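Below, each chain spelled out in residue letters.
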Amino acid sequence: MLVLQRKEGESIIIGNDTRVTILAVEGSRVRIAIEAPKEIPIFRKELLEAAEENKAASDHSEAVPTHLLGVVRRDVEKYEKRKQKYFNKVKPAEKLNETSK
Amino acid sequence: MEFNTKYFGAIRCDEESILQFPQGLFGFEDEKEFLLLPFEGSDESLLCFQSVTTPQLAFVAMNPFFLSRSYAPILKPDELESLDVAQSEDLCYYTLCVVKEPVSKSTVNFKCPVVINDITRKARQVILDQYEMRHLLSDFSKEEEEEA
């Protein structure tokens, strides 16, 4: 891995046509400008990781969600009595006359 | 309205039950509408986000505040604004679960909760600066024991 130091306003060039410029350093945040050909995909890493984790969460081919019932804590009463800042008020959708199982 | 679902077959729900996700979910940007459906016998601790347009697409979700008392997500100002609230505490949070066999190996994504404004029914998924994407479910029962 190549590690180098750059100051605000300085750039690095990758290949023939990609330029990365450090625009500003503000505390723990760095503003970066990337100039690259349109066909080169650029993503924030955590966005890709979030998408991958969602894909894994949507595929339950090998496991049955209802098996989780035994694992999930269910002290609803305690939760409702708890005086906490966060509280989920969303009422899940009600299934009206289920037509099939 | 009638909906075809992954886990419950064909069901009927009020149209007002539909949650609007203008940006979709990460990796599922075209899925803009979901129903939040509880699994029977879970007292709403185990639910799923069922896609309205894709019957085979459903995400298992949990109420994170059941799992961990200390969970306290903080959203960025632009995220709060997009959901029309002033503070993180005004929203509702559900975390998605990767179900594994055995189920004790299942993980919950505390870093990327689905966040809902229960008044406007608008929702989105966010990436928090805090927390991890893979918290082992079995670790939460340990946390509970330590508290007791």
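I tried to follow the pattern of salt bridges on my own but got confused; where do I start?
Oppositely charged side chains may form a pair once their charged atoms are brought near each other. Under the defined criterion, the tally for this structure stands at 8 salt bridges over all chains. With its nearest N and O atoms 3.2 Å apart, the salt bridge here joins R6(A) to E10(A). Residue classification places R6(A) among the partly exposed positions, given a relative accessible area of 41%. On the accessibility criterion, E10(A) (27% relative accessible area) is partly exposed. For E53(A), the salt bridge is made with R134(B), and the minimal N-O distance between the two is 2.8 Å. Residue E53(A) is located in helix α1 (residues 45-58), and its partner R134(B) is located in the loop between β10 (122-125) and β11 (135-136); the two belong to separate chains. The exposure class assigned to R134(B) is exposed, which follows from its relative accessible area of 59%.

Looking at this model, I keep getting lost on the environment of P113(B). Mind explaining?
All names here are of chain B. Mapping P113 onto the fold places it in the loop between β8 (107-108) and β9 (114-117). Once the C-alpha coordinates of P113 and V126 are considered, the two residues, 13 residues apart in sequence, prove to be 6.1 Å apart. Those residues in contact with P113, other than ones at most four positions away along the chain, are Y71, Y93, Y94, T95, R124, Q125, V126 and L128.

What's the story with the interface of chain B and chain A in this structure? I'm lost.
Where the parts come together, the accessible area they lose is often given as the size of the interface. Each partner contributes to the interface: chain B provides 72 residues, whereas chain A provides 48 residues. The junction of chain B with chain A conceals about 5,300 Å² of combined surface from both sides, 59% of it contributed by carbon and sulfur atoms. Summed over the three residues of chain B that lose the most area to chain A, namely F66(B), R69(B) and E89(B), the buried surface amounts to 13% of that side. In this structure, the salt-bridge partner of E44(B) is K91(A), at a minimum N-O distance of 3.3 Å.

Looking at this model, I keep getting lost on the nonpolar core. Mind explaining?
Buried together is how nonpolar side chains tend to be arranged in soluble globular proteins. L68(A), L35(B), L37(B), M62(B), L75(B) and L91(B) are the most contacted members of the largest nonpolar core, which totals 40 residues. Listed by contribution, the elements that provide at least two residues to this core are β4 (33-38), β5 (46-51), β6 (58-62), α1 (64-67), β7 (92-98) and α3 (137-147) of chain B. Core analysis: the second largest hydrophobic core is formed by 20 residues, F28(B), L47(B), V98(B) and I116(B) among them.

Calculation criteria
Residues numbered from 1 in each chain as written. Chains lettered and ligands numbered in written order. Predicted model: local features only at pLDDT ≥ 70, side-chain atom pairs only at ≥ 80, totals over all residues. Heavy atoms only, no water. Salt bridge = Lys/Arg side-chain N within 4 Å of Asp/Glu carboxyl O. Buried < 20%, exposed > 50% of the residue type's maximum accessible area, 1.4 Å probe, protein only. Helix = DSSP H or I, 4+ residues; strand = E, 2+ residues; numbered from the N terminus. Contact = heavy atoms within 4.5 Å. Buried area = accessible area lost by both parts, 1.4 Å probe. Core = buried A, V, L, I, M, F, W, Y, C linked by side-chain atoms within 4.5 Å.

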